[in-house]
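Examination of the molecular architecture
Listed here are the chains, written in short residue letters.
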Amino acid sequence: MMKGFIFDLDGVLADTAKYHYIAWKQLAAEIDITIDEAFNEQLKGISRQESLERILAYGDKSSEFSASERFEMAERKNQHYVELLEELTPEDALPGVRDFLKAARKHNIPCGVASASKNAPFILDKLAISDYFVGIADPATLTKGKPDPEIFIKAAQLLAIDPKEAIGFEDAQAGIDGIKACGMYAIGIGEVEQLKGADRSVADLSELSIEELIRL
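The rules we used
- Residues numbered from 1 in each chain as written.
- Predicted model: local features only at pLDDT ≥ 70, side-chain atom pairs only at ≥ 80, totals over all residues.
- Heavy atoms only, no water.
- Phe/Tyr/Trp six-rings, centres within 6.5 Å; stacked < 30°, edge-to-face > 60°.
- Helix = DSSP H or I, 4+ residues; strand = E, 2+ residues; numbered from the N terminus.
- Pairing = 2+ DSSP bridges.
- Contact = heavy atoms within 4.5 Å.
- Axes fitted to C-alpha atoms, helices over the stretch in contact; angles between N-to-C directions.
- Buried < 20%, exposed > 50% of the residue type's maximum accessible area, 1.4 Å probe, protein only.
- Salt bridge = Lys/Arg side-chain N within 4 Å of Asp/Glu carboxyl O.

Right, let's talk about the packing of aromatic side chains for a bit. The final tally for this structure, using the stated rule, is seven aromatic pairs. Taking 6.0 Å as the distance between ring centres and 90 degrees as the angle between the ring planes, the aromatic pair formed by Phe-7 and Phe-133 counts as edge-to-face. Taken as a pair, Phe-7 in strand S1 (residues 4–7) and Phe-133 in the loop between helix H6 (120–127) and strand S3 (135–136) lie far apart in primary sequence, 126 residues in all. Taking the centre distance of 5.5 Å and the plane angle of 75 degrees together, the rings of Phe-100 and Phe-169 count as edge-to-face.

Below, the structure written as structure tokens:
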């Protein structure tokens, strides 16, 4: 019997990946690096600083900036991203999200968020779904990012359950790997051919039945 649900945010609850892409693309252009949507797929599920490191390596500029300059660059990207997020409304929740969360509440299944995004509380508020979550694993407290399972273990702790008693929902390979590394059941969301190791893959949450999941 499954006792809790743990969700990634970007690409699972809301389509905020497009805003990340816009903000990263602008920052990259400022330092004469050109990235496209195909490259942006590599940034899904990982931290802000790790994303910046990948961009710098891609543009062969890893040695050109100090630690303080990199921090400032990441903060500048995030400021632009947050400005873009102001456009979010409750209608921007992905298909099936609100109904799925309502069903989880009806069945007394606690829900948590395990996202590398430090903007998760703000985004959940903009989507008007904050009240459905018991807690959000704080990425600022982590020692390792995805694919390490630490964030999923912390999210399970917030729900007061063992990771093996939870189902994790992810749209990125790093997230699926992290979910499986702590013994959690993994459901891949989105383009299924890109996610390896998921126990099940669906296009979105509308394809899932709460009653079926809690019996796993």
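Having put the structure on the table, let's press on.
Reading across from one edge, S3-S2-S1-S4-S5-S6 is the order of the six strands in this open sheet, with parallel pairing throughout. Looking at strand neighbours, the two that pair on one side only are S3 and strand S6 (200–202), the edges of this open sheet. Relative to strand S5 (residues 185–189), strand S4 (residues 166–170) runs parallel, the two sharing four bridges. Among the inter-strand pairings, Phe-169 is bridged to a residue of S5, identified as Ile-187. Against the sheet, helix H5 (residues 97–106) touches S1, strand S2 (111–113) and S4, its axis set at about 150 degrees to S1. Along the sheet, helix H7 (residues 150–158) contacts S1, S2, S3 and S4; its crossing angle with S1, the most-contacted strand, is approximately 140 degrees.

Our focus in this paragraph is the pairing of S4. Of all five residues in S4, five are buried; the element is thus mostly enclosed. Judged by which residues are buried, S4 turns out to be covered on both faces: Ala-166, Gly-168 and Glu-170 on one side and Ile-167 and Phe-169 on the other are all buried. Across four bridges, S1 lies against S4 in parallel orientation. Across the sheet, residue Phe-7 finds its bridge partner in S4, namely Phe-169.

The subject of this paragraph is the pattern of salt bridges. Applying the stated criterion across every chain, the model contains 13 salt bridges. Glu-165 serves as the salt-bridge partner of Lys-3, at 3.1 Å between the closest nitrogen and oxygen. Of the two residues, Lys-3 is situated in the segment before S1 and Glu-165 in the loop between H7 and S4; the sequence distance between them amounts to 162 residues. In this structure, Glu-75 engages Arg-48 in a salt bridge whose closest nitrogen and oxygen atoms are separated by 3.1 Å. Of the two residues, Glu-75 sits in helix H4 (residues 67–85) while Arg-48 sits in helix H3 (residues 48–58), which places them 27 residues apart along the sequence. Because the salt bridges share partners, they merge into one network encompassing Asp-8, Lys-146 and Glu-170.

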